[in-house]
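# Overview (structure and organization)
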Amino acid sequence: MLFNSYTFLFAFLPLLLVCWRLAQGYGPTGLALVLLAFSVVFYGLWGLPFLILLAVILGMNYAFALALAAPEPEHKQDAAPAENAEGDDEKACLCGSRKQAGCRFHLSRKSLLILALVLNLLPLLWFKYSAFLAQNLGALLHAQWHFTPPGLPLGISFYTFIQIAWLVSVYRGQVTPQGFTRHALFSACFPYVISGPIVRYEQIGPQFDTLAPTNAENLAQGFTLFTFGMVKKVLLADSIAMYADSVFNAAEKAFPLSGAEAWLGSLCYTFQLYFDFSGYTDMAIGLALMLGLKLPENFDSPYKSTGIVDFWRRWHITLSSWLRDFLYIPLGGNRKGRLMQYRNLFLTMLIGGAWHGAGWTFIVWGALHGSMLGINHFFRACIKGKTLERVLALAPLRICSILFTFFCINLCWVVFRALTIEGAGRMFKAMFTGPFTREAAGLSATTDGLTGFAALVARWLPNNYIQGWVPFALLLVSFLVVWALPNSHEILHGRRDGSRPRLSWRPTAAWATGLAVMAFLTLILVSRKATFLYFQF
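A short tour of the structure in this document, coming up. (Residues numbered from 1 in each chain as written. Predicted model: local features only at pLDDT ≥ 70, side-chain atom pairs only at ≥ 80, totals over all residues. Heavy atoms only, no water.)

What follows is about a nonpolar patch on the surface. A grouping of Trp-126, Leu-137, Leu-140, Leu-141, Trp-145 and Phe-147 is seen on the molecular surface, where their side chains present a nonpolar patch of about 640 Å² in accessible area. Note on placement: Phe-147 falls in the loop between α5 (109-141) and α6 (156-171). By relative accessible area, Phe-147 is classed as partly exposed at 31%. (Patch = residues over 30% accessible without salt bridge, like charges linked within 9 Å, V, L, I, M, F, W, Y side chains within 5 Å. Areas by Shrake-Rupley, 256 points an atom, 1.4 Å probe, with all protein chains shown as cover. Salt bridge = Lys/Arg side-chain N within 4 Å of Asp/Glu carboxyl O. Helix = DSSP H or I, 4+ residues; strand = E, 2+ residues; numbered from the N terminus. Buried < 20%, exposed > 50% of the residue type's maximum accessible area, 1.4 Å probe, protein only.)

This next bit is on the environment of Arg-314. Mapped onto the elements, Arg-314 comes out in the loop between α12 (308-312) and α13 (317-331). What makes Arg-314 buried here is its relative accessible area of 17%. A C-alpha to C-alpha distance of 9.5 Å links Arg-314 and Glu-297, two positions 17 residues apart in sequence. In terms of polar contacts, Arg-314 uses its side chain to reach the backbone carbonyl oxygen of Asp-300, at 2.8 Å. At a separation of 3.1 Å, a polar atom in the side chain of Arg-314 contacts the main-chain carbonyl oxygen of Ser-301. (Polar contact = N/O pair within 3.5 Å; in protein donor to acceptor, adjacent residues only side chain to side chain.)

Below, the discussion takes up unusual backbone geometry. Despite not being glycine, His-142 has its phi angle at roughly 55 degrees, a positive value. Tracing the sequence through the fold places His-142 in the loop between α5 and α6. The exposure class assigned to His-142 is exposed, which follows from its relative accessible area of 74%. One non-glycine residue, Ser-301, lies in positive phi territory at about 50 degrees.

Our next topic: the side chain of Ser-305. By the secondary structure assignment, Ser-305 is in the loop between α11 (259-290) and α12. At 2.4 Å, the side chain of Ser-305 and the backbone oxygen of Pro-302 are in polar contact. In this structure the side chain of Ser-305 is engaged in a polar contact, spanning 3.4 Å, whose partner is the backbone nitrogen of Phe-311. Leave out the neighbours within four places in its chain, and Ser-305 touches Asp-310, Phe-311, Arg-314, Ser-401, Ile-402 and Thr-405. (Contact = heavy atoms within 4.5 Å.)

What follows covers the nonpolar core. Residues Phe-3 and Phe-8 are the most contacted members of the largest nonpolar core, which totals 86 residues. Ranked by residues supplied to this core, first place goes to α6 with 12 residues. In terms of nonpolar packing, the next biggest core, distinct from the first, is built from 53 residues, Tyr-243, Phe-362, Phe-406 and Leu-411 among them. (Core = buried A, V, L, I, M, F, W, Y, C linked by side-chain atoms within 4.5 Å.)

What follows concerns the pattern of salt bridges. A pair can form between side chains of opposite charge whenever their charged atoms are brought close. Summed over the entire model, instances satisfying the criterion amount to nine salt bridges. Between Asp-238 and Lys-233 there is a salt bridge whose closest N-O contact spans 2.9 Å. With respect to class, Asp-238 is no different from Lys-233; both count as buried. Close ionic contact of Asp-325 with Arg-324 constitutes a salt bridge, the shortest N to O distance being 2.8 Å. Salt bridges linked by common partners bring Arg-200, Arg-324 and Asp-325 together as one network.

Now for the packing of aromatic side chains. Evaluated as defined, the whole model comprises 49 aromatic pairs. Each ring, one from Phe-42 and one from Phe-190, has its centre 5.3 Å from the other, and the planes form 45 degrees; the classification is tilted. Placement of Phe-42 in helix α2 (residues 27-44) and of Phe-190 in helix α8 (residues 190-193) is noted, with a sequence separation of 148 residues between them. Neither Phe-42 nor Phe-190 differs from the other in exposure class; each is buried. Ring geometry for Phe-271 and Phe-406: centres 5.9 Å apart, planes at 35 degrees, overall tilted. Here the residue Phe-271 occupies a position in helix α11, and Phe-406 occupies one in helix α17 (residues 395-417), the gap between them amounting to 135 residues. Of the residues examined, Phe-271 reaches a relative accessible area of 1% and is grouped as buried. Here the guanidinium or amino end of Lys-128 rests over the ring plane of Trp-355, the centre of that ring lying 5.2 Å away. (Phe/Tyr/Trp six-rings, centres within 6.5 Å; stacked < 30°, edge-to-face > 60°. Lys NZ or Arg CZ within 6 Å of the ring centre and 35° of its normal.)

Okay, structure coming up:
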């Protein structure tokens, strides 16, 4: 059941809001149980085995959390009251206490945390990477074996990251387990369990204590955000996807591809991915807001970035934060000099690329972004405090920086979207080599002069996979939405400097009418078969 499906829009969501209203007399506890019940149903509808796996992982992690958070023995507390969690080597056991007679499995807290993290990563490795590893191992050993990959549980990457962050917070003493029901609600809450945002318990847990009946403002703002998300997903992402798919599929099959088609196909995917994931995030945040929950922002106009460093502070913000806190900083961050910082950035993005999918294209994509981050950090360090830094901040050069950054991001998305390295190579070949010569275009040597030039241009222009005015109109609208309009957060809550754009949301009849029209248009097209790209990541 997708957020943009008729079942969700006309059955699940209205029923949830009605039950939410009916449960208001039971306080936060009653509302939390309603949210948990609907979350279980929402996730269970994707497949009962997925739900069972999620329940097993949550139960395992809760047992680990109880062991990690068990109180100090009294004599230990008296002897060393100031001892902090990081340096604590007191033994712990899975039966729920630090040191308990009869328990055979005594581990230090750090060992217990490492064991918990490994056990969380094992299902992810099995379901997501086993086929990829088996394929490459077979190629390395020149062996031929048949391996049937297991089905990928929905959202396993996202809830694994959420569980890891929660366990680390418990280990550090920043979070205390508050019952399995609370943990299940936090881990399976349906707005973000499938594709994020990747939340931390510190952000969401306290909000469960203050759940309240939906008020008119939250409902209106939530509906507005949800509609924005549906428009991005249904009207833009799904509409432009067919052109991106046709071009990339042609490249994979080594069909003839003109230069213009390759560029247009790459741009179509660049905007498809943005509106798909940004649209899902808007819908998730909007749904949560209807229930009074505030999820963290995940996008801040990333295609307006002036560099790759800036881009990763704006794109998938919660993933960037997670990679920084649980990979980059543990690797050493920037504490051991620039060279080590660049190495850590590269490794972090390499692993981040692999997280997006089991394939060499994702690893290459991560390596490209890791390299660009290192170069961007080096350049920023070189010009810091110098005249060049002030010159680059001028408006014309700032626009050039935005365009150059977008150009680099677009090239990297080609690798990200291609199914194989060979497919990405064919896309790049078409983008950068034309055909710009008669030989490459398959023209005879006798076609020269204006006739030959016209024939060459005709071979370069789109002629197979991008036809008609619709793809050009969609690209134009995409450019305008991304670069000329404020983003969803700015429209609803204003800019970070406190100012409000001219196109600000207000509870007026004009806004209500406009949203109703947009919602109606999306409902007409919502029956098209489509899914969210990040579901598979």
